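# Residue-level structural notes
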Amino acid sequence: MVLTTIADSLSRTVESAGNTISETFFEPTLRLGVTGLSRAGKTVFITSLVANLMDRARMPGLVAQSEGRILTAFLQPQPDDTLPRFDYETHLAALTARTPHWPDSTRAVSELRLSLKVRPSGLLAGLQGPRTLHLDIVDYPGEWLLDLGLMEKSYAEWSDQMLTRMGHRPDPEGFVAMATTDAAEAKLDEPVAQRLARAYTAALHAARAEGFSDCSPGRFLLPGELEGSPVLTFAPLPPIKAARGTLYREFERRFDAYKSRVVKPFFQDHFSRLDRQIVLVDALGAIHAGPRAVEDLRQTLADILTAFRPGASSFLASLFLGRRIDKILFAATKADHLHHTQHAQLTAVMEALTRDARDRARFAGAETAAMSLAALRATTEEMIQHEGQALPCVRGTLLDSGKQAAFYPGALPEDPNHLLTAARQGADHWLDGDYSVMAFAPAALTLIPGEGPPHIRLDRAAQFLIGDRL
Ligand code: GDP
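Below you will find a few notes about this structure. What you see is a predicted model; the values in this text were computed from it and never measured.

## Re the overall build of the protein
- Each helix and strand counted, the protein has 19 helices and 10 strands in total.
- For 470 residues, the compact-globule estimate of 2.2 N^0.38 gives 23 Å, and the protein sits close to it at 24 Å.
- Taking the principal axes of its C-alpha atoms as reference, the protein extends roughly 70 × 70 × 40 Å.
- Burial status across the protein gives 52% buried among its 470 residues.
- Within the protein, contacts between residues at least 6 apart in sequence are counted, and of these 78% link residues at least 24 apart.
- For the protein, the exposed area adds up to about 21,600 Å²; of that, 53% sits on carbon and sulfur atoms.
- Of the side chains in the protein, 50 bear a positive and 56 a negative charge, and the two mean positions are spaced by 4 Å.

Here it is in structure tokens:
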């Protein structure tokens, strides 16, 4: 047993050394992680990024493109045989259909390899022929990063934290009333265990729907192939000194199995191999949901982003072993819901939301930036006269009625702290104004050859994430 493990890890080391050599000298590979909480916009981002890297007329902000050095970009079989492929073609077909619709969202980890053939710049330009960069894009739910926080928590600590949070959250199936000390001390009964796990999962879904972000364990919301398995059949219980054979003991055991069999392999096999990362955040959605959702998002981002500081956790440090993610971009998505005169304010909110985490990431050596973008622009801008005032609006097709509407979402404050401070202080609603967000359908596209789908600042995001390697 021990021997196989050693042999396993030896062969993995040799294999990865081999990879590194061939990658460095022949065809370099860049692994780009795309993450964010559910509905942040990962699927739309990857689909539009790939389409716009293949047809680059709308990518002037990507320097290698403006210098005319990208010769071609094409999809290739991905390097990891056991990982699902990101379903690019289906997602693009949804967005570019005659009546376009939004594609299905990310539910698990997936991967896509895009290879770019590039002419070198500078001194080497005349000496070398074109070279190929393989961009491996890895899509994974941000909820899974929250699980990193579980690695260093005991079942009792996690239970205590979650039960406290449940105090001010929706509880549609009465989980809190079921999770009593009596239940914890009772003998394990599988139907009871399942009822508790189901009610807890329902509470997580309801919390998520109300805009709360910290809903751990991450796989309860996005279980993938693990749905219904014992490793997902547990819930927090009031911490007690439990005897053997009790529900508490069994839940404690399953919590530990979740950490070692679900969380650890994800970090080991996927996360620790990333070079670059984009974290997508639906900041507008949270602002629309109100101060509590903004504060919850801020705390959750802080939790998620500890994953980018290998030093913060001995578990992570052991996985990275000197490697690290060297660039991280924090992007507020769906910026097409706002007139461009408001984009700077949205970026400022994004910066403020991730300030602590960004300071720490910079300390750990990674370069970070914040921006607002729309991977797929679904609106046009318009000034509308209202009570003698010109209001900067956006116009689009409403998702539920299919009607065209112009819409003023409210003005974000110049100073993002007006929002964040109210949120931190536990305000129930915004004092200075209301911020609404409409759900727009993707606009019907007529693309001329060479053009990818319309976007806002996707080229600038690509420049930050991969520009230096082209
Ligand atoms: P995921 O869960 O992170 O994969 O999120 P998706 O990429 O599926 O996006 C969730 C939803 O957000 C989509 O169905 C759209 O309604 C909306 N959305 C995502 N990106 C954009 C964008 O660039 N513009 C607009 N207007 N809506 C977007």
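## Details of the nonpolar core
- Counting residues in each nonpolar core, the largest one holds 87 residues, and the members touching the most others are Phe267 and Phe271.
- Both domains that furnish three or more residues to this core are identified here as domain 1 (2–102 + 107–140 + 274–378 + 444–469) and domain 2 (147–265).
- Contacts of Phe267, omitting those with residues within four sequence positions, involve Trp144, Leu145, Leu148, Ser272, Ala307, Phe315, Leu316 and Leu319.
- With 42 residues, the next largest nonpolar core counts Leu53, Ala375, Leu458 and Phe464 among its residues.

## Some remarks on the packing of helix H10 (residues 190–209) against helix H12 (residues 247–269)
- The contact between H10 and H12 brings their axes to 11 Å, and the two run at 60°. In terms of their interaxial angle, H10 and H12 are classed as oblique. Along this stretch, H10 crosses H12, giving a crossing that reads as right-handed. Of the residues in H12, those touching H10 at Glu190, Ala193 and Leu196 are Leu247, Phe251 and Arg254.

## What about the site of the ligand?
- Every one of the 18 residues lining the ligand counts as a neighbour, but Arg39, Lys42, Thr43, Ser105 and Asp336 are closest to it.
- Between the ligand and Ser105 there is a distance of 2.6 Å, counted from an oxygen atom to a side-chain nitrogen or oxygen.
- A distance of 3.1 Å separates an oxygen atom of the ligand from a polar backbone atom of Ala375.
- If the ligand stood free it would expose 570 Å²; the protein chains cover 95% of that surface.
- Class assignment for the residues of the shell around the ligand results in 8 nonpolar, 6 polar and 4 charged.

## Regarding the sheet that holds strand E4 (residues 131–139)
- The 7 strands lie next to each other as E2-E3-E4-E1-E5-E6-E7, forming an open sheet whose pairing is mixed. Edge positions in the sheet fall to strand E2 (70–76) and strand E7 (367–372), since each of these pairs with one other strand and no more. Averaged over all pairs of adjacent strands, the angle between strand axes in this sheet comes to 20°, irrespective of strand direction.
- Pairing of E2 with strand E3 (residues 110–118) involves 6 bridges; the strand directions are antiparallel. Bridge pairing links Thr72 to Lys117 in E3.

## Some remarks on the packing of aromatic side chains
- All told, the structure shown has 20 aromatic pairs when counted by the stated rule.
- Centre to centre, the rings of Tyr140 and Phe266 are 5.3 Å apart; their planes meet at 55°, and the pair counts as tilted. Within this pair, whereas Tyr140 is found in the loop between E4 and helix H5 (143–146), its partner Phe266 is found in helix H12, the two being separated by 126 residues in sequence. Note on accessibility: Tyr140 and Phe266 belong to one class, buried.
- A connected cluster of aromatic rings, assembled from ring pairs, spans Tyr155, Trp158, Phe175, Tyr200, Phe220, Phe234, Tyr248, Phe255 and Tyr258.

## A look at the side chain of Ser159
- Looking at the element boundaries, Ser159 is found in helix H7 (residues 155–166).
- The contact partners of Ser159, leaving out residues within four places of it in the chain, are Pro236 and Leu237.

## A look at empty space enclosed by the protein
- If you walk through the whole model with that rule in mind, you get 2 cavities of 30 Å³ or more.
- For the largest cavity, the calculated volume is near 70 Å³.
- Every residue along the wall of the largest cavity is listed here: Leu284, Ile287, His288, His337, Leu338, Phe407, Pro409, Gly410, Leu412, Tyr435, Ser436 and Val437.
- For the lining of the largest cavity, a count of residues per class yields 8 nonpolar, 4 polar and no charged.
- The space that makes up the second largest cavity amounts to roughly 30 Å³.

## Things to note about helix H18 (residues 417–424)
- Every buried residue of H18 is listed here: Leu419, Leu420 and Ala423. The arc that holds every buried residue of H18, seen down its axis, measures 90°, which confines them to one face.
- Turning to H18, the residues buried within the fold contact helix H13 (283–289), helix H14 (291–305) and helix H16 (343–353).
- Remark: Gly426 follows H18 within two positions and exhibits a positive phi of approximately 80°.

## Describing H14
- Taking 1.5 Å per residue as the helical rise, H14 with its 15 residues ought to reach 21 Å, and the 21 Å between its terminal C-alpha atoms agrees with that figure.
- Among the residues of H14, Pro291, Ala293, Val294, Glu295, Asp296, Leu297, Arg298, Thr300, Leu301, Ile304 and Leu305 are the ones counted as buried.

## Section: the sheet that holds strand E9 (residues 389–397)
- Spatial ordering of the open sheet is given by E8-E9-E10, a layout of 3 strands whose pairing is antiparallel. Edge positions in the sheet fall to strand E8 (380–386) and strand E10 (404–407), since each of these pairs with one other strand and no more. Strand-to-strand twist of the sheet, defined as the mean angle between neighbouring strand axes without regard to direction, takes the value 35°.
- Strand direction decides the pairing type here: E8 and E9, joined by 7 bridges, are antiparallel. Each bridged residue has a counterpart across the sheet, and for Ile384 the counterpart in E9 is Leu391.

Procedures and definitions
Residues numbered from 1 in each chain as written. Predicted model: local features only at pLDDT ≥ 70, side-chain atom pairs only at ≥ 80, totals over all residues. Heavy atoms only, no water. Helix = DSSP H or I, 4+ residues; strand = E, 2+ residues; numbered from the N terminus. Rg over C-alpha atoms; globule rule 2.2 N^0.38 Å. Buried < 20%, exposed > 50% of the residue type's maximum accessible area, 1.4 Å probe, protein only. Contact = heavy atoms within 4.5 Å. Areas by Shrake-Rupley, 256 points an atom, 1.4 Å probe, with all protein chains shown as cover. Lys, Arg positive; Asp, Glu negative; His and termini not counted. Charge placed at Lys NZ, Arg CZ, Asp CG, Glu CD. Core = buried A, V, L, I, M, F, W, Y, C linked by side-chain atoms within 4.5 Å. Domains from an automatic or database assignment. Axes fitted to C-alpha atoms, helices over the stretch in contact; angles between N-to-C directions. Parallel < 35°, antiparallel > 145°, perpendicular 65-115°, else oblique. Left-handed = near helix turned anticlockwise from the far one by under 90°. Near = heavy atom within 4 Å. Polar contact = N/O pair within 3.5 Å; in protein donor to acceptor, adjacent residues only side chain to side chain. Nonpolar A, V, L, I, M, F, W, Y, C, P; charged D, E, K, R; others polar. Pairing = 2+ DSSP bridges. Phe/Tyr/Trp six-rings, centres within 6.5 Å; stacked < 30°, edge-to-face > 60°. 1 Å grid on protein atoms, 1.4 Å probe; cavity = no way out; pocket = protein on both sides within 12 Å on 5 of 7 lines; lining within 4 Å. Points joined across faces, edges and corners; volume = space filled by probe spheres on them. Arc of directions from axis to C-beta. Expected span 1.5 Å × (residues − 1).

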